[in-house]
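Below, each chain spelled out in residue letters.
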Amino acid sequence: MKTILAAYSGVLKGTGSSILSALQDLPSAFWPCRSKMEKHLQVISVLQWVISFLALGAACTLLLLYMFCTDCWVIAAMYIAWLIVDWNTPKQGGRRSSWVRGWTVWTYFRDYFPIRLIKTHNLLPSRNYIFGYHPHGIFCFGAFCNFGTEATGFSKKFPGIKPSLATLAGNFRFPILRDYLMSGGICPVNRNSIDYLLTRNGTGNAVVIVVGGAAESLQCAPGMNSVTLKNRKGFVKLALQKGSDLVPVYSFGENEAYKQVIFEEGTYWRSLQKKFQKILGFAPCLFHGRGLFFGNSWGIVPYSKPITTIVGEPITVPKIEDPTDEIVDMYHEMYITSLQCLFDKYKTRFGLKETDSLYIN
């Protein structure tokens, strides 16, 4: 009984790997299969993030509206008042929490796939950076785990660099979800937010932009090595205007997390996806992973395929407040070449063949 109480106390404290270590202290008769429990915790940690991203904002909005119809309307009114006062915080550096970024749940999230972060070059804390992340995948699992948490040790690998993963600005209009995202250092992918981080927040900032965005997510499927980049030059122009170095980042395995039905160009369903993309800023994808309880069934739990994120060599960018199209094109070509070299250098180490190529769309 004492062992069980000690284990329960360890779980409540939530320090380090307390959950698993507490379970390991339980008698084998009480807990017959600890490895299975660890796997269940990994699945739950991934599932909570998927559900949070898909439904937390809408659920909290409905809850807030419901509270106005109950005796708790005062709490809802106070939160709305605070929300109005705090509305611009996401655009002004956010409100990151080292405690949230270091939650034990993110280590289970990391180990489910598993996800790894590989450093190829040092980054100087005296500079600011724009990371171009590729490919988008369905949920950007690699981007979130590596840059929205400390599960893969970003701060230890890149001391003095503070990452800010940029995502849809619409996510920050939802109650509770906005705070959850900001706690991980996630910011809106809009001009005001990125300007603030690169010009008014000192140095050592790294804004992570998933360059391909919603258009790229429509093309992701297992075995696909393509990125939407050929006409994406806005992030290069921004880097030139702010004098921030460009860093290509490629995640091998990001497209393996889900299987997706890809509709051909010109079909009704494809045009419908594009209409949603223009209106909402994201494209609804018809995808599936594995089931919650049975690995051979369908569900929203991603497949546990390894994701390895390679942070490439920074491209030094001068500060030019009004760069010409020729200069933007030159640095854009340099970035594409650097990304291509990064892919070719590491592809055979992570399950691809020498003949596999990265397609730039």
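Parameters at a glance
Residues numbered from 1 in each chain as written. Predicted model: local features only at pLDDT ≥ 70, side-chain atom pairs only at ≥ 80, totals over all residues. Heavy atoms only, no water. UniProt positions renumbered as here; feature names shortened; annotations may be inferred. Helix = DSSP H or I, 4+ residues; strand = E, 2+ residues; numbered from the N terminus. Expected span 1.5 Å × (residues − 1). Buried < 20%, exposed > 50% of the residue type's maximum accessible area, 1.4 Å probe, protein only. Arc of directions from axis to C-beta. Contact = heavy atoms within 4.5 Å. Pairing = 2+ DSSP bridges. Patch = residues over 30% accessible without salt bridge, like charges linked within 9 Å, V, L, I, M, F, W, Y side chains within 5 Å. Areas by Shrake-Rupley, 256 points an atom, 1.4 Å probe, with all protein chains shown as cover. Salt bridge = Lys/Arg side-chain N within 4 Å of Asp/Glu carboxyl O.

Under an unreviewed UniProt entry, the name given to the chain is Acyltransferase, and the organism recorded is Larimichthys crocea. Reading the Sequence similarities (unreviewed entry) entry of the UniProt record for the chain gives the comment "Belongs to the diacylglycerol acyltransferase family."

1. A look at helix α4 (residues 73-85)
Helix length check: α4, at 13 residues, gives a terminal C-alpha distance of 19 Å against a target of 18 Å (1.5 Å per residue), a fit within 8%. Inspection of α4 places Ala76, Tyr79 and Leu83 among the buried residues, and these make up the whole buried set. An end-on view of α4 places all buried positions within 65° of arc, on one side of the element. What points out from α4, more than 90 degrees from its buried face, is the exposed set Met78, Ile84 and Val85. Structurally, α4 contributes buried residues whose contacts are with α3 (34-67) and α9 (177-183).

2. Focus: the UniProt feature "transmembrane region" (unreviewed entry) in the chain
Mapped onto the present numbering, the UniProt feature "transmembrane region" (unreviewed entry) falls at residues 46-67. Helix makes up 100% of residues 46-67 and strand 0%, whereas the separation of the span's terminal C-alpha atoms amounts to 29 Å.

3. Section: the sheet that holds strand β8 (residues 259-260)
Across the sheet, which stays open at both edges, the three strands sit in the order β8-β9-β10 with antiparallel pairing between neighbours. Taken across any chain shown, the strands that pair with only one partner, and hence form the sheet edges, are β8 and β10 (298-299). Summarising the sheet, strand β9 (residues 287-290) and β10 pair through two bridges and their orientation is antiparallel. Directly across from glycine 289, in β10, lies its bridge partner glycine 299.

4. Some details on a nonpolar patch on the surface
A surface patch of nonpolar side chains, amounting to about 330 Å² of accessible area, comprises Ile51, Phe53, Leu54 and Ile300. Mapped onto the elements, isoleucine 300 comes out in the loop between β10 and β11 (307-311).

5. Describing unusual backbone geometry
At the junction of phenylalanine 113 and proline 114, the peptide bond is cis and its omega measures out at 0° in the coordinates. Along the chain, proline 114 turns up in the loop between α6 (105-112) and β1 (115-119). For the peptide bond that leads from histidine 134 to proline 135, omega is -15°, which places it in the cis range. The topology assignment puts proline 135 in the loop between β2 (129-134) and α7 (141-147). Even without being glycine, isoleucine 176 reaches a positive phi, approximately 70°. Within the fold, isoleucine 176 resides in the loop between β3 (162-167) and α9.

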